[in-house]
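Remarks on the overall topology
Chain by chain, the residues run as shown.
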Amino acid sequence: MPIEKALVVGTGLIGTSAALALREKGVAVYLSDVDAHAVRLACELGAGQEWAGEEADLALIAVPPHLVGERLAGLQKQRAAPAYTDVASVKAEPIADAERLGCDLTSYVPGHPLAGRERSGPAAARADLFLGRPWALCPGSETGADALRRTRELVSLCGANVVTVGAGEHDSAVALVSHAPHVVASAVAASLVSGGDVPLSLAGQGLRDVTRIAAGNPLLWRKILAGNTLPVAGVLERIAADLASAASALRSGELDDVLDLLRRGVEGHARIPGKHSGPGIRAFAVVQVVLRDRPGELARLFNAAELADVNIEDVRLEHSTGLPVGVAEMSVRPEDTGRLAEALRFHGWHVPPVPVGTPAGR
């Protein structure tokens with residue numbers, strides 16, 4: 001039987017986004033949260049209706065990691081659904097709590113969608129938040145086939161891709177690709193607090209890229225890190241050792257260690273999966289266009305690319321501080337760069353020459 005009714009417990013960014021995605025697929029969604037205002041807002045956004053004890057086909061628990069076990073135990077006692085999953089960003093701690101509280105582990109599939117935004121709360125929710133994103137599922141030896149089937153269907157309805165992984169391996173992985181990077185971004189951003197106004201007036205897109213995720217909710221991130229302390233600490237220690245070595249090399253003028261770090265950085269960056277889901281799938285070239293800050297400029301830009309029969313694989317905007325212009329960086333296939341540049345110049349844009357042999361990555 002397909003999922004027709006779902007219960008979402010926790011109407012923050014992730015819970016409300018999942019509810020919106022399910023509603024778009026015609027699933028009836030019930031919403032529950034200890035914060036009555038959050039539930040009302042999620043309902044007003046069209047994410048579902050407030051839960052009044054109705055039985056659902058599956059319950060999605062979207063609360064902080066340290067509360068998952070408690071919520072699971074309560075929902076199972078109420079027989080809210082035959083299957084349960086969660087979205088906590090760590091897995092070992094919630095599973096241990098569920099075992100300690102005597103939860104029925106056959107109906108529970110630990111999960112974690114690798115998606116999010118810097119903003120939090122139901123107002124930041126989007127139905128397309130999970131499209132094409134990995135969604136980790138960590139079934140244990142006790143997990144029942146029906147619960148796993150229902151959870152996989154939920155992931156599919158949200159537009160995400162299932163990645164099956166063990167709980168311990170998951171926590172080590174997210175320490176490397178999510179949790180430690182957030183702490184590092186916060187450290188870089190924190191250095192700006194006493195940096196003065198002149199350095200910030202010179203800030204470019206690189207600084208924005210490095211510090212973007214540092215805008216996340218500190219209290220929420222404290223709870224996330226508390227559930228994954230040792231793996232995150234290990235990653236941070238390795239990063240700190242590299243930074244300390246680079247600082248020592250810079251002070252002594254012996255820059256081989258810095259060069260080695262920069263080269264390993266390029267190698268590591270190249271391994272990050274891109275749009276086509278896998279490292280090294282295709283290298284794109286970047287076409288830069290100077291844009292005026294006026295309505296409809298991006299629409300005209302994309303229309304010109306369409307007329308040139310060029311697919312824009314990715315686009316990034318770099319703003320010029322204090323100036324009414326910016327730069328759009330469009331990633332396209334290398335063989336399309338000349339045709340796109342010619343078309344854009346024909347339509348009146350200034351397009352700098354595209355350097356030969358400089359791939360944009362993925």
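For the structure given in this document, a descriptive report is provided here. Predicted model, so just to flag it, every value in this text is computed and none were measured.

Focus: the sheet that holds strand E1 (residues 5–9)
Two modes of strand pairing occur in sheets, parallel and antiparallel, and in both the strands are linked by backbone hydrogen bonds. Pairing in this open sheet of 6 strands is parallel, and the strands run E3-E2-E1-E4-E5-E6 from one edge to the other. The open sheet has two free edges, formed respectively by strand E3 (49–50) and strand E6 (108–109), since each of these has just one partner strand. As paired strands, E1 and strand E2 (residues 28–32) are joined by 5 bridges and run parallel to one another. Among the inter-strand pairings, valine 9 is bridged to a residue of E2, identified as serine 32.

Thoughts on helix H1 (residues 13–24)
With 12 residues, H1 ought to run about 16 Å at 1.5 Å a step, and its terminal C-alpha atoms sit 17 Å apart, in line with that. Residues of H1 that are buried include every one of Leu13, Ile14, Gly15, Thr16, Ser17, Ala18, Ala19, Leu20, Ala21 and Leu22, and no others. For H1, the elements touching its buried residues are E1, E2, helix H2 (36–44), strand E4 (58–61), strand E7 (111–113) and helix H5 (145–157). One or two residues past the end of H1 sits glycine 26, with phi positive at roughly 85°.

Here's the deal with the pairing of strand E8 (residues 134–137)
Bridge analysis of E7 against E8 gives 3 bridges, and the strand direction is antiparallel. Residue pairing across strands places proline 113 opposite tryptophan 135, the latter belonging to E8. The pairing of E8 with strand E9 (residues 161–164) spans 4 bridges and is classified as parallel. The residue bridging alanine 136 from the neighbouring strand is valine 163, located in E9. Handedness of the crossover joining E8 and E9 through H5: right-handed.

Considering H5
Over its 13 residues, H5 extends 18 Å from the first C-alpha to the last, a length consistent with the 18 Å expected when each residue adds 1.5 Å. Packing partners of the buried residues in H5 comprise H1, E4, strand E5 (84–86), E6, E8 and E9. Positive backbone phi, at 85°, marks glycine 159, one or two positions downstream of H5.

Details of the nonpolar core
Core analysis: the biggest nonpolar cluster contains 35 residues, and Leu22, Leu31, Phe130, Trp135, Leu154 and Cys158 have the highest contact counts within it. Taken together, the elements giving at least two residues each to this core come down to E1, H1, E2, H2, E4, E8 and H5. Setting aside residues up to four positions removed in sequence, leucine 31 forms contacts with Val8, Thr11, Ala19, Val39, Ala42, Cys43, Ala47, Gly48, Gln49, Glu50 and Trp51.

Structural notes on unusual backbone geometry
One non-glycine residue, arginine 79, lies in the positive phi region at around 55°. By secondary structure assignment, the location of arginine 79 is in the loop between helix H3 (65–77) and E5. Residue class for arginine 79 comes out exposed when judged on its relative accessible area of 68%. Despite not being glycine, aspartate 309 has its phi angle at roughly 60°, a positive value. For aspartate 309, the location among the structural elements is in the loop between helix H12 (297–307) and strand E11 (314–319). Using a relative accessible area of 62% as the deciding quantity, one classes aspartate 309 as exposed.

Points about the environment of valine 310
You can see valine 310 is positioned in the loop between H12 and E11. Exposure remark for valine 310: the relative accessible area of 7% places this residue in the buried category. As a C-alpha pair, valine 310 and glutamate 329 span 19 residues in sequence and 14 Å in three-dimensional space. Those residues in contact with valine 310, other than ones at most four positions away along the chain, are Ala305, Val332, Asp336, Arg339 and Leu340.

Reading the values: rules and limits
Residues numbered from 1 in each chain as written. Predicted model: local features only at pLDDT ≥ 70, side-chain atom pairs only at ≥ 80, totals over all residues. Heavy atoms only, no water. Pairing = 2+ DSSP bridges. Helix = DSSP H or I, 4+ residues; strand = E, 2+ residues; numbered from the N terminus. Expected span 1.5 Å × (residues − 1). Buried < 20%, exposed > 50% of the residue type's maximum accessible area, 1.4 Å probe, protein only. Contact = heavy atoms within 4.5 Å. Right-handed = clockwise from strand over helix to strand, strands pointing away. Core = buried A, V, L, I, M, F, W, Y, C linked by side-chain atoms within 4.5 Å.

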